[in-house]
Amino acid sequence: MPAVQETVDQVRRIDVDQYKYGFVTDIESDRAPKGLSEDIVRYISAKKNEPEWMLEWRLEAYRRWLTMTEPTWARVHYPKIDFDDLYYYSAPKSTKGPKSLDEVDPELLATYEKLGIPLREREILAGVEGASDRRVAVDAVFDSVSVVTTFKEELKKAGVIFCAISEAIREYPDLVRKYLGTVVPTTDNFYATLNSAVFSDGSFVYVPEGVRCPMELSTYFRINERNTGQFERTLIIAEKGAYVSYLEGCTAPMRDENQLHAAVVELVALDDAEIKYSTVQNWYPGDKDGKGGIYNFVTKRGDCRGDRSKISWTQVETGSAITWKYPSCILRGDESQGEFYSIAVSNGYQQVDSGTKMIHLGKNTRSRIISKGIAAGRSDNTYRGLVSAHRKASGARNFTNCDSLLIGDQCGAHTVPYIESKNASAVFEHEATTSKIADDQLFYCLQRGLTSEEAVALIVNGFVKDVIQQLPMEFAVEAQKLISISLEGSVG
Amino acid sequence: MTAVRSVAAGMNGQIKMLSIKNLHASVGDREILRGVNLEVPTGEVHAIMGPNGSGKSTLSYVLAGRDGYDITDGSILFGGEEIVETPAEERAAKGIFLAFQYPLEIPGVATMTFLKAAMNAQRKARGEAELTTPDFMRRVKVAAEKLNVTQEMLRRPLNVGFSGGEKKRNEILQMALLEPKLAILDETDSGLDIDALKTVSDGVNALRAPDRSMLVITHYQRLLDHIVPDVVHVMAAGRIVRSGGPELALELEANGYADYVGAAAA
């Protein structure tokens, strides 16, 4: 499959490892053969020592998947994916990486530098061999092992469960069985069903009744423990009155040879619970001609199952060649609230089709959508959103604001809102604007002494401010830098 | 280069702040500046008056280095240095400031943030250290008070929802903070009521200094009652067609531009 090959080649070129130093990347021994079959699903399940029920669950999804076809309604174009040409399981640590940062692409390092990422973390991100193993020793010096330890102890004290989902399947099977697949059913859509059959790993979070999770939970803490791979599965449950804020992703571009990513994230909020889920995604977008790059087909959904519950999605999407992603909220409980704050930046040949769904089922449910799309280069950036009110959703309210900013004249911004109301008392508002960074706006900034890149960064940061404010503080600063970096060279 | 310098230097041997020689500029096929000659000595305030379409605003954009104009002939010496090829942001850092006729809005960017970004960008370009936050705040406070710019205005997004008067005061505030060597005021009086005109003019007058020159571009004489120029130039059909003292402005006010429009076209 040419497209898959392109990614592999591209990533190898970035790593410069084998051709410059004459190494050949070892074919890992601990890897399932290419393609997908019941045997592969069994293999994955067995590798993870999963109980029988989990295997059955996966197989059922796999059989369902065989009957499904890829969705084509999104405004994205890419060569057809050959699902028999993919590896669905590989042991993560055995891949050979560069020996040290000296062997990593200087451009990638320059990006890390600009993002202000500490040296040690740069090694881990760039996949330098042994960087994660060395961590323990290095940590002892910098005393950050104790940070992680303290972090884990504090969670335990609060009764919060935060672990890998494979661990949860073994340790907390009742919880997993009760909730897994209840928000995104195995039959939901082509990619979600595929994920259900072959998911590699992901996070599991359980916050007990009345507990306010004492810290922001971040996959970042687990970054070097495990490469979660291409089919990530996350399940977060907030019991009555619980609160949790979860951060996913990383601002730094990560070494990744998997072209297809199809994650599933499920959130469940019971009465009076609140879940805040923030994502920063910066996967490899492809080269300057648009070759290679990650396809990101994600299903993220939150279920406001309890009355007065609240789920809030915040995302900053700058990476991937193709993004197909609609973090949604099912507002089932009365007076429940859903929020979606999004910044989607596309440059080069990137294609973004992203948005949200707010499904109002309960009474007096409220939702709010703030979407900021920024298109530069030859990219296409689409907002696609659904706001619907069920017959019983009296008093449902939605406010949607969808702004697009164009940089240059070869990119596209599209807004596709769907609004369906079956209840006469629902009030839905939709605002949308499309603007361009105007020449006179740029000239004004230049005349005051800003360079064109500083000017674009300033204007764009102003444009996305409403969303940046929703991010946890430590993420907000990084996200701002990341957006500027993603748009470098888009003017002039 | 030596020859050019000697031309730019005046009789007393001082280098002129601004010396424009035979400047021709076009947009597409249309020539707008058709041989502008203009000298502004250091410390002087010169006014340029002229009918609509005479090239006044184009001259201000060309001096500030805006893209989209072809300079087909002539030179612009700033402090004795040729700047025709210099990018806009470098000209700004060298000390050229343009107060816009229509200041631009930047949604989501607080005025304060913009001021700091501009000041530090210029300092960086000149190889100076960035301002510390307390130093910056102190400078803004002093300058803002003089111009009746409130703290609330400084927190609002740049020029968004500002009244005409607020926008112009904000321009002069930027001028005060950036301390340019040459300030070009493009139709600063447009859209101002008489009180706002007074505030803005007082602000400009307070910035007159022996080491700073100003080029005041205006259609009407009334601004020049408040900002009294040393020299008045009349521009028509892309050239400076007459120069004189402040009394020239009064004459124009009385007789209009009709004579110049006819003469220049001939």
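Residues numbered from 1 in each chain as written. Chains lettered and ligands numbered in written order. Predicted model: local features only at pLDDT ≥ 70, side-chain atom pairs only at ≥ 80, totals over all residues. Heavy atoms only, no water.

1. Observations regarding the pattern of salt bridges
Heads up, the rule is: When a carboxyl oxygen of Asp or Glu lies within 4 Å of a side-chain nitrogen of Lys or Arg, that pair is called a salt bridge. Labels follow the DSSP assignment, with helices taken as runs of H or I lasting at least four residues and strands as runs of E lasting at least two, numbered in each case from the N terminus. Each residue's exposure class comes from its accessible area (1.4 Å probe, protein chains only) as a fraction of the maximum for that residue type: buried when under 20%, exposed when over 50%, partly exposed otherwise.
Within this structure, the stated rule accounts for 34 salt bridges over all chains. In this structure, the salt-bridge partner of Arg-397 of chain A is Glu-429 of chain A, at a minimum N-O distance of 3.0 Å. Residue Arg-397 of chain A is found in strand E17 (residues 397-406), and its partner Glu-429 of chain A is found in strand E19 (residues 427-436); the two are separated by 32 residues along the sequence. Given a relative accessible area of 38%, Arg-397 of chain A falls into the partly exposed group. What makes Glu-429 of chain A partly exposed here is its relative accessible area of 33%. Between Glu-251 of chain B and Arg-242 of chain B there is a salt bridge whose closest N-O contact spans 2.8 Å. Given the relative accessible area of 34%, Arg-242 of chain B is considered partly exposed. Ionic contacts of the salt-bridge type, sharing partners, join the residues Glu-38, Arg-42 and Arg-63 of chain A into one network.

2. Details of the nonpolar core
Residue and element names in this part refer to chain A. Convention followed: Among buried residues, the Ala, Val, Leu, Ile, Met, Phe, Trp, Tyr and Cys ones that are joined through side-chain atoms within 4.5 Å form a nonpolar core. Throughout, a residue-residue contact means that at least one pair of heavy atoms, one from each residue, lies within 4.5 Å.
Judged by nonpolar contacts, the single largest core of 69 residues is most densely connected at Ile-374 and Val-460. If one sorts the elements of this core by residue count, helix H13 (residues 452-463) sits on top with six residues. The contact partners of Val-460, leaving out residues within four places of it in the chain, are Ile-374, Leu-405, Ile-407, Ile-437, Ile-483 and Leu-487.

3. Some words on the interface of chain A and chain B
Stated precisely, the cut-off is as follows: The term buried area refers to how much accessible surface (probe radius 1.4 Å) is lost by two components on association, counted for both of them together.
Taken together, the contact pairs 18 residues of chain A with 31 residues of chain B. Between chain A and chain B, roughly 1900 Å² of surface is buried when both sides are summed, and carbon and sulfur atoms account for 66% of that area. By the criterion of area lost to chain B, the three top residues of chain A are Phe-443, Tyr-444 and Arg-448 of chain A, representing 39% of everything that side buries. Linking chain A with chain B are two salt bridges. Of the charged contacts, one joins Lys-124 of chain B and Glu-454 of chain A as a salt bridge, the two residues approaching to 3.2 Å between their closest N and O atoms.

4. Points about the environment of Phe-204 of chain A
Residues and elements named next belong to chain A. The topology assignment puts Phe-204 in strand E2 (residues 203-207). With a relative accessible area of 0%, Phe-204 lands in the buried category. Note: C-alpha distance between Phe-204 and Trp-324 (120 residues apart in sequence) is 23 Å. When residues no more than four places from it in sequence are discounted, the contact partners of Phe-204 are Ile-161, Phe-162, Cys-163, Ala-164, Ile-165, Ala-168, Tyr-172, Leu-175, Val-176, Leu-235 and Ile-237.

5. Details of helix H3 (residues 38-47) of chain A
Side chains three or four residues apart in an α-helix point the same way, a direct result of the helix having 3.6 residues per turn. Residue and element names in this part refer to chain A. Keep this limit in mind: By definition, the arc is the one covered by directions from the helix axis to the C-beta atoms.
Within H3, the full set of buried residues consists of Ile-40, Val-41, Ile-44 and Ser-45. Within H3, the buried residues cover an arc of 135 degrees as seen down the axis, which keeps them to one side. Residues Asp-39 and Ala-46 are exposed on H3 and point more than 90 degrees away from its buried face. Residues of H3 that are buried in the fold lie against helix H4 (52-66) and helix H11 (190-198). Looking one or two places after H3, you find Asn-49, whose phi comes out positive at around 50 degrees.

Keep in mind these numbers describe shape, not what the thing actually does.
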